[in-house]
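# Coordinates in review
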Amino acid sequence: MSPGPDARVRTDEMNAEGWVLAADTRRLAAMVSAVREAGCGVAVAAVGPRSLAEAAAAAGPDTVAWVETAENVPAEAYAPALGRALSAARPRVLLAAATPPGRALLGAAAIALGSVVVPGILRLSVKGDTVVADRTDLGGRVIQTLGSGAPVAGLFGGEDVPSHAVARAPIERLDAGSPADIRIEKTEPASGASGGVTTADRIVAVGRGFKAKSDLGLAESLAAALGAEIGCSMPIADDFGWVARERYIGRSGQHVSPRLYVAIGISGTPQHLEGVRDAKVVVAVNTDPQAPIFRRGDYGIVGDLYEVIPALEAALGE
Amino acid sequence: MKVVVVYKWARDPEDAAVRSDGSVDWRGARMAAGEDDPAAVAVGHAIAAARGCGLVGLTIGDGDASWALARGVEQAVAVPDAPSLTDNAATAALLAAAIRWIGDVDVVVIGDAEAYPGVPAALAGALGWPALLGVSTATFECGRLVATRRVGDSEQVVSLGLPAVFGAAAASGEKRAPGMKEILAARKRPVTAVPLAELGGTPPDRLESRGTRVPEAGSARVFEGSPASAARQLVAALRADGVL
């Protein structure tokens with residue numbers, strides 16, 4: 001008889017070679033799918049509220065081990081104890097999202113398990129005693145295939161996919177032990193977090209390809225034609241102060257998810273691309289055909305923005 | 001007690017050349033300061049000042065160790081013969097061994113590098129300490145570490161007991177890069193070099209590379225021709241995709 005929803009289990013009773021460690025729902029179904037395609041049974045360790053465990057159960061795993069977080073205690077506080085608990089399960093593969101709490105969970109578990117740690121995982125397969133992993137590396141310029149006789153703890157580098165699971169997995173409580181001494185003291189909306197670029201359906205973002213602040217009028221005109229918000233890369237807000245800081249898009253700025261993101265004169269540093277990871281269609285305009293933004297982009301024009309922007313406006317009007 | 005800031009602990013991926021067959025040439029690239037390293041130094045300074053304790057810089061590999069000295073770090077420790085390792089856990093084990101060698105450390109701050117996101121967390125695991133990553137500022141108040149970080153659309157203030165590992169993420173470019181005078185003065189200051197052998201040797205890199213290749217898809221469809229022609233093609237494609 002399977003345990004009820006509040007039964008307490010040990011990880012070694014869950015009979016899963018592959019574990020997904022989740023502190024939120026980001027890329028959950030894609031990670032479950034990647035572990036499943038590796039040929040492993042899949043368990044999710046969901047560290048958070050009951051709603052996270054429910055979301056994990058619908059993402060297609062065989063089972064969910066739920067670690068309930070106490071009020072004002074972040075998931076990271078459970079990382080050392082969860083790591084010790086998971087080492088008993090002796091998984092071959094672990095996967096987590098490359099978010100701060102996801103990484104903290106993975107790092108502790110990886111060391112407890114004696115596994116290697118690999119970022120950017122796209123695909124995994126377990127072949128005999130070896131785990132083979134494809135990962136994206138060098139900012140997406142190459143895919144590297146790696147093999148290891150050790151368990152592999154990976155940070156997921158693939159895209160999200162919808163869950164096709166028809167059945168909900170059982171949720172079992174995992175008593176991971178006492179959390180570390182970490183408390184959330186205060187949570188406030190970040191400046192500019194409501195409205196503006198964070199909720200925009202279309203964004204025109206400007207970068208260092210613009211030579212002067214007065215030239216931003218070109219981008220504003222294009223944004224008006226597209227019904228888009230203006231965003232920018234870090235130097236434009238931070239070094240030059242040409243655009244308000246709440247419109248800076250990047251890892252430590254706004255994370256945006258528009259249907260259309262037009263990056264103009266932006267090279268595409270890793271920290272900027274992290275902020276547009278959830279954009280649906282990315283268009284890049286840059287003079288440098290080797291700019292990393294073209295690797296992330298769906299469409300591109302290699303050219304001088306001072307010529308391309310007026311041409312785009314004209315084409316939109318046709 | 002000491003605060004350690006880890007800097008220049010990885011190579012810059014932009015220093016690697018990718019050939020048309022997908023092979024990678026690092027062209028003798030050295031360990032370089034990452035874009036988050038100045039933020040790590042700033043966080044380290046803030047915590048050390050609030051606690052009234054020392055700030056020690058730790059670097060591995062062949063980069064210029066005086067980088068942190070030029071930024072006000074009192075003492076620099078380098079492991080010059082440390083190799084660049086594919087396994088983030090192996091890099092973390094090497095850093096953890098060096099931190100234990102320094103001794104009397106209860107806070108470690110490391111740049112939360114986008115290209116090597118497993119290292120800060122694995123370092124915390126190797127030390128057996130909690131990790132808080134993506135931190136933008138931190139200090140020490142009433143016996144606890146207090147850090148701010150961005151989580152989605154929110155800014156979170158988190159407090160931690162000691163010891164702890166912080167991954168510092170740059171919220172802006174370096175505000176005050178040292179001038180030539182500070183750089184030259186730093187180069188004259190001693191750096192404590194610790195050979196790998198003294199830390200137990202190179203951790204085994206348990207990952208075998210079976211090759212690299214250029215991604216088949218993933219690059220943008222680039223529209224050619226005059227600006228007017230390229231723009232018309234782009235707008236047509238966006239309309240066909242239903243985003244316009």
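So, here's what we can say about the structure. (Residues numbered from 1 in each chain as written. Chains lettered and ligands numbered in written order. Predicted model: local features only at pLDDT ≥ 70, side-chain atom pairs only at ≥ 80, totals over all residues. Heavy atoms only, no water.)

Let us now look at the overall build of chain A. Check the secondary structure of chain A and you find 9 helices and 16 strands. Principal-axis analysis of the C-alpha atoms gives chain A an extent of 65 × 45 × 35 Å. Taken across its 318 residues, chain A has 58% of its residues classed as buried. A fraction of 62% describes how many contacts in chain A between residues 6 or more apart in sequence connect residues 24 or more apart. Summing over all exposed atoms, chain A offers an accessible surface of approximately 12,000 Å²; the carbon and sulfur share of this is 49%. For chain A, the centre of its 30 positive side-chain charges and the centre of its 36 negative side-chain charges are spaced 3 Å apart. (Helix = DSSP H or I, 4+ residues; strand = E, 2+ residues; numbered from the N terminus. Buried < 20%, exposed > 50% of the residue type's maximum accessible area, 1.4 Å probe, protein only. Contact = heavy atoms within 4.5 Å. Areas by Shrake-Rupley, 256 points an atom, 1.4 Å probe, with all protein chains shown as cover. Lys, Arg positive; Asp, Glu negative; His and termini not counted. Charge placed at Lys NZ, Arg CZ, Asp CG, Glu CD.)

This next bit is on the overall build of chain B. Scanning chain B from terminus to terminus reveals 6 helices and 15 strands. Split into buried and exposed, the 244 residues of chain B put 53% on the buried side. Long-range pairs, those at least 24 residues apart, make up 67% of the contacts in chain B between residues at least 6 apart in sequence. Charged side chains in chain B number 24 positive and 28 negative. The centres of these two groups are separated by 3 Å.

For the rest of this paragraph, the subject is the packing of aromatic side chains. All names here are of chain B. The tally for this structure, following the rule as stated, stands at 5 aromatic pairs over all chains. A centroid spacing of 5.9 Å and a plane angle of 65 degrees characterise the contact between Trp-9 and Tyr-116, whose relative ring orientation is edge-to-face. Note that Trp-9 is positioned in the loop between strand 1 (2-6) and strand 2 (10-11) and Tyr-116 in the loop between strand 8 (105-111) and helix 4 (118-127), a separation of 107 residues in sequence. Each of the two residues, Trp-9 as well as Tyr-116, counts as buried. Residue placement shows Arg-11 over the ring face of Trp-26; its charged tip is 3.9 Å from the ring centre. We note Arg-51 situated over the ring of Phe-140; from NZ or CZ to the ring centre the distance is 5.0 Å. (Phe/Tyr/Trp six-rings, centres within 6.5 Å; stacked < 30°, edge-to-face > 60°. Lys NZ or Arg CZ within 6 Å of the ring centre and 35° of its normal.)

Here the focus is the pattern of salt bridges. All names here are of chain A. One pass over the full model with this rule turns up 26 salt bridges over all chains. Measuring nitrogen to oxygen at the nearest pair gives 3.2 Å for the salt bridge that ties Glu-54 to Arg-50. Here the residue Glu-54 and the residue Arg-50 both occupy positions in helix 2 (residues 50-57), the gap between them amounting to 4 residues, near one helical turn. Arg-247 is the partner of Glu-229 in a salt bridge, and the nearest nitrogen-oxygen pair spans 2.8 Å. Here Glu-229 is found in strand 13 (residues 229-232), whereas its partner Arg-247 is found in the loop between helix 6 (234-238) and strand 14 (260-264), with 18 residues between them in sequence. Residue class for Glu-229 comes out partly exposed when judged on its relative accessible area of 28%. For Arg-247, a relative accessible area of 25% translates into the label partly exposed. Three or more residues joined by partner-sharing salt bridges are found here, namely Arg-50, Glu-54 and Arg-168. (Salt bridge = Lys/Arg side-chain N within 4 Å of Asp/Glu carboxyl O.)

Time to look at the sheet that holds strand 13 (residues 192-193) of chain B. An order of 11(A)-11(B)-10(B)-9(B)-12(B)-8(B)-1(B)-6(B)-7(B)-13(B) is seen for the 10 strands of this open sheet, with the pairing classed as mixed. At either margin of the open sheet sits one strand with a lone partner, and together these are strand 11 (182-189) of chain A together with strand 13 of chain B. In the sheet, strand 6 (residues 54-60) of chain B pairs with strand 7 (residues 75-79) of chain B via 5 bridges, with the strands oriented parallel. The partner of B:Leu58 across the bridge, within strand 7 of chain B, is B:Val77. Along the sheet, helix 3 (residues 88-102) of chain B contacts strand 1, strand 6, strand 7, strand 8 and strand 13 of chain B; its crossing angle with strand 6 of chain B, the most-contacted strand, is approximately 140 degrees. Here helix 4 of chain B sits on the sheet and contacts strand 8, strand 9 (131-141) and strand 12 (164-168) of chain B; the angle it forms with strand 8 of chain B, its principal contact strand, is near 165 degrees. (Pairing = 2+ DSSP bridges. Axes fitted to C-alpha atoms, helices over the stretch in contact; angles between N-to-C directions.)

Before going further, it helps to examine the environment of A:Pro80. All names here are of chain A. Mapping Pro-80 onto the fold places it in helix 3 (residues 79-87). Judged by its relative accessible area of 21%, Pro-80 is partly exposed. Each C-alpha atom, one on Pro-80 and one on Ala-219, is 48 Å from the other, the two residues being 139 residues apart in sequence.

So, on to the sheet that holds strand 13 of chain A. Ordered in space as 13(A)-12(A)-14(A)-15(A)-16(A)-15(B), the 6 strands form an open sheet in which the pairing is parallel. Among the strands making up the open sheet, the edge pair consists of strand 13 of chain A together with strand 15 (221-222) of chain B. The sheet contact formed by strand 16 (residues 299-302) of chain A and strand 15 of chain B spans 2 bridges and is parallel. When the sheet's bridge partners are listed, A:Gly300 is paired in strand 15 of chain B with B:Val222.

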